Amino acid sequence: MTETKSVLLSGCEGFMGQIVARLIDESDDFAVLCGFDKKGVSEKPFEPFRVVTPSTAIHDLLTVGNPDIIIDFSAPTATMELLELAKKFKIPMVIATTGFSKEQEEEIKAAAKLIPIFKSANMEANITLIKKVLQIITPYLSDYDVEVFETHHNRKKDAPSGTALLLANAIKDALAHTDDKEVIYGRTGKRAENEIGIASLRGGNVTGEHSVFFFGNSDTIEIKHTAHSREGFAVGALKAARYLLNQTSPGLYSMDDMLQL
């Protein structure tokens, strides 16, 4: 019989948090112990759970017991609050939030020396496969102009998206031995030769589209991923949680680790 693991679900009232909560409710191996969200409690069609808001002392969560793992689909400020809780009580943490500052990224890296943390800019595993493809083909296209274009719904707070940055930096790293490329966002003038450009569109209810263009003098190569449903991100987060619970050592784990790429 599968042992049920308890989850502290951060961002539980958000669009992604509600999908994760539903999938947990349908699963055999997870149960939401409590939620963390600034909005508080709302009606749900599945098993209700206690929701703690930032106005409540975060350690009050412990009155319902220690969670086995934290799954975080929230905002950077909420993530950093929970990171302190995770460190103090040695709780593994899946971070699916994006838009962190450089200082916050360093705090997460430091925390990973104390607890297992799974962090990915995109919880859809196929994005990691596309990143791998880019790492393979980019050195052969080093004389091409590279542009990354991403589209998301009108509620997305960070731009460029974490996925766009992930793909652009993968290309930059693949060229590190031959070229000094600079990832730029919001170009206002002529394109420079050493640039990897990122452009963003926001509108409607677009789940997420990412295209990488290699522009040559005689042809153009495009690699594109289109997410048709946000459920894929929630499924990926639960897979990441299962993977992380099997890790016995602190560390900063990623999709590359889980997929063994």
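One can find the structure itself at the top, above this paragraph.
Engineer: In this structure, what is going on with the overall build of the protein chain? I would like to understand it.
Structural biologist: Along the protein chain, the regular secondary structure elements total 7 helices and 12 strands. For the protein chain, with 261 residues in total, the buried portion stands at 48%. The contacts in the protein chain between residues at least 6 apart in sequence include a share of 70% that link residues at least 24 apart. Of the roughly 13,100 Å² of accessible surface on the protein chain, 50% is carried by carbon and sulfur atoms.

Engineer: Sorry if this is basic, but what is going on with the sheet that holds strand E9 (residues 195-202) here?
Structural biologist: Two pairing modes exist for strands in a sheet, parallel and antiparallel, and in both the strands are linked by backbone hydrogen bonds. The strand order across the open sheet formed by 5 strands is E8-E9-E7-E10-E11, and the pairing between neighbours is mixed. The sheet is open, and its two borders are formed by strand E8 (182-185) and strand E11 (220-227), each paired with just one other strand. For this sheet, the mean inter-axis angle between neighbouring strands, taken without regard to orientation, is 15 degrees. By the bridge criterion, 7 bridges tie strand E7 (residues 145-152) to E9 in an arrangement that is parallel. If you follow Glu150 over to E9, its bridge partner there is Ser200.

Engineer: Which parts of the structure should I look at to understand the packing of aromatic side chains?
Structural biologist: For any pair of aromatic rings, the description consists of the separation of the ring centres together with the inter-plane angle of the planes. Following the criterion strictly, the structure yields 3 aromatic pairs and no others. Here Phe213 and Phe215 contribute two aromatic rings whose centre-to-centre distance is 5.4 Å and whose plane-to-plane angle is 10 degrees, an arrangement assigned as stacked. Note on Phe215: relative accessible area 33%, which makes it partly exposed. On the numbers, 5.9 Å between centres and 75 degrees between planes, the contact of Tyr243 with Tyr253 is edge-to-face. With Tyr243 in helix H6 (residues 231-245) and Tyr253 in strand E12 (residues 251-253), the pair connects residues that are 10 residues apart, well separated along the chain. The pair Tyr243 / Tyr253 is uniform in exposure class, with both members buried. Grouping aromatic residues by their ring pairs yields a cluster made of Phe118, Tyr243 and Tyr253. Directly above the ring of Phe15 sits Arg230, whose terminal nitrogen or CZ lies 4.7 Å from the centroid.

Engineer: I keep staring at the pairing of E9 and nothing clicks. Help me out?
Structural biologist: Put simply, side chains in a regular strand alternate between the two faces of the sheet. Across 4 bridges, the pairing between E8 and E9 is parallel. Following the sheet pairing, Val183 is matched in E9 by Ile196.

Engineer: Honestly, helix H4 (residues 125-137) in this entry has me stumped. Any pointers?
Structural biologist: Structurally, the α-helix is built with 3.6 residues per turn, so residues lying three or four positions apart point the same way. Spanning 13 residues, H4 covers 19 Å between terminal C-alpha atoms, matching the ideal 18 Å at 1.5 Å per step. Residues Ile127, Thr128, Ile130, Lys131 and Leu134 constitute the buried set of H4. Here the buried residues of H4 occupy an arc of 155 degrees about the axis, which is enough to place them on one side. In this fold, the buried residues of H4 make contact with helix H5 (162-174), strand E10 (208-215), E11 and helix H7 (255-259).

Engineer: Just checking my understanding: could you explain helix H2 (residues 76-89) for this structure?
Structural biologist: The terminal C-alpha atoms of H2 lie 20 Å apart, and with 14 residues this matches the ideal 20 Å at 1.5 Å per residue to within 8%. Listed in full, the buried residues belonging to H2 are Pro76, Ala78, Thr79, Met80, Leu82, Leu83, Leu85 and Ala86. Phi turns positive, to about 55 degrees, at Lys90, one or two residues after H2.

Engineer: What exactly am I supposed to notice about the packing of H2 against helix H3 (residues 102-111) here?
Structural biologist: Geometry of a packed helix pair, given as the angle between the helix axes and the separation of the axes. Contact pair H2 / H3: the axes reach a minimum separation of 11 Å and the direction vectors enclose 20 degrees. Viewed along their axes, H2 and H3 adopt a mutual orientation that is roughly parallel. In this structure, H2 meets H3 at a crossing whose hand is left-handed. Contact residues: H2 offers Pro76, Met80, Leu83 and Lys87, while H3 offers Gln104, Glu107, Ile108 and Ala111. Of the residues that constitute the contact of H2 with H3, the class distribution is 5 nonpolar, 1 polar and 2 charged.

Engineer: Explain the state of the cysteines here, please?
Structural biologist: Covalent bonding between the sulfur atoms of two cysteines defines a disulfide. With the rule as written, the count across this model stands at 0 disulfides. Of all cysteine sulfurs, the one in Cys34 lies closest to Cys12, which takes part in no disulfide; the gap is 8.8 Å.

Engineer: Sorry if this is basic, but what is going on with the side chain of Lys131 here?
Structural biologist: Turning to its location among the elements, Lys131 is positioned in helix H4. For Lys131, the residues in contact, after removing those within four places along its chain, are Leu166, Leu167, Ala170 and Asp256.

Engineer: Sorry if this is basic, but what is going on with the packing of helix H1 (residues 15-26) against H6 here?
Structural biologist: At their nearest, the axes of H1 and H6 sit 9 Å apart, and the two run at 60 degrees to each other. With respect to H6, the element H1 is oriented oblique. Note that H1 runs across H6; the crossing there is right-handed. Across the interface between the two elements, Met16, Ile19, Val20, Arg22, Leu23 and Ile24 of H1 pack against Glu231, Phe233, Ala234, Val235 and Leu238 of H6. Residue classes in the contact of H1 with H6 are distributed as 9 nonpolar, no polar and 2 charged.

Parameters and conventions
- Residues numbered from 1 in each chain as written.
- Predicted model: local features only at pLDDT ≥ 70, side-chain atom pairs only at ≥ 80, totals over all residues.
- Heavy atoms only, no water.
- Helix = DSSP H or I, 4+ residues; strand = E, 2+ residues; numbered from the N terminus.
- Buried < 20%, exposed > 50% of the residue type's maximum accessible area, 1.4 Å probe, protein only.
- Contact = heavy atoms within 4.5 Å.
- Areas by Shrake-Rupley, 256 points an atom, 1.4 Å probe, with all protein chains shown as cover.
- Pairing = 2+ DSSP bridges.
- Axes fitted to C-alpha atoms, helices over the stretch in contact; angles between N-to-C directions.
- Phe/Tyr/Trp six-rings, centres within 6.5 Å; stacked < 30°, edge-to-face > 60°.
- Lys NZ or Arg CZ within 6 Å of the ring centre and 35° of its normal.
- Expected span 1.5 Å × (residues − 1).
- Arc of directions from axis to C-beta.
- Parallel < 35°, antiparallel > 145°, perpendicular 65-115°, else oblique.
- Left-handed = near helix turned anticlockwise from the far one by under 90°.
- Nonpolar A, V, L, I, M, F, W, Y, C, P; charged D, E, K, R; others polar.
- Disulfide = S-S within 2.5 Å.

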